[in-house]
Amino acid sequence: MIRGNGVFSPRERRTAIIALLGAAAIAAGGIVLQPMIKPSLGPGGADAYSSAPAQGVMDAVPLG
């Protein structure tokens, strides 16, 4: 005799719960680590962004 709701087996429910817990652990890890990791500023570092703009790039100018 089969017990339960007849839709998912106990093994499938267990697998789904483990998958949900794993996804929650990955999300929580990302939330915890995100403030500790600074974004990459490229090969020039922060100094590259404080200098003149790259060649061929113009400032925005109104059309009218």
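No experiment lies behind these values; they were computed from the predicted model shown. (Residues numbered from 1 in each chain as written. Predicted model: local features only at pLDDT ≥ 70, side-chain atom pairs only at ≥ 80, totals over all residues. Heavy atoms only, no water.)

Draft legend 1. Focus on the overall build of the protein chain. Check the secondary structure of the protein chain and you find one helix and zero strands. The burial tally for the protein chain puts 2% of its 64 residues in the buried class. As displayed, the protein chain offers around 6,400 Å² of accessible surface, 67% of which is attributable to carbon and sulfur atoms. (Helix = DSSP H or I, 4+ residues; strand = E, 2+ residues; numbered from the N terminus. Buried < 20%, exposed > 50% of the residue type's maximum accessible area, 1.4 Å probe, protein only. Areas by Shrake-Rupley, 256 points an atom, 1.4 Å probe, with all protein chains shown as cover.)

Draft legend 2. Seen up close, a nonpolar patch on the surface. A cluster of nonpolar side chains, contributed by Val32, Leu33, Met36 and Ile37, occupies part of the molecular surface with about 430 Å² of accessible area. Here Leu33 lies in helix α1 (residues 10-33). In this structure Leu33 comes out as partly exposed when scored by relative accessible area, which is 45%. (Patch = residues over 30% accessible without salt bridge, like charges linked within 9 Å, V, L, I, M, F, W, Y side chains within 5 Å. Salt bridge = Lys/Arg side-chain N within 4 Å of Asp/Glu carboxyl O.)

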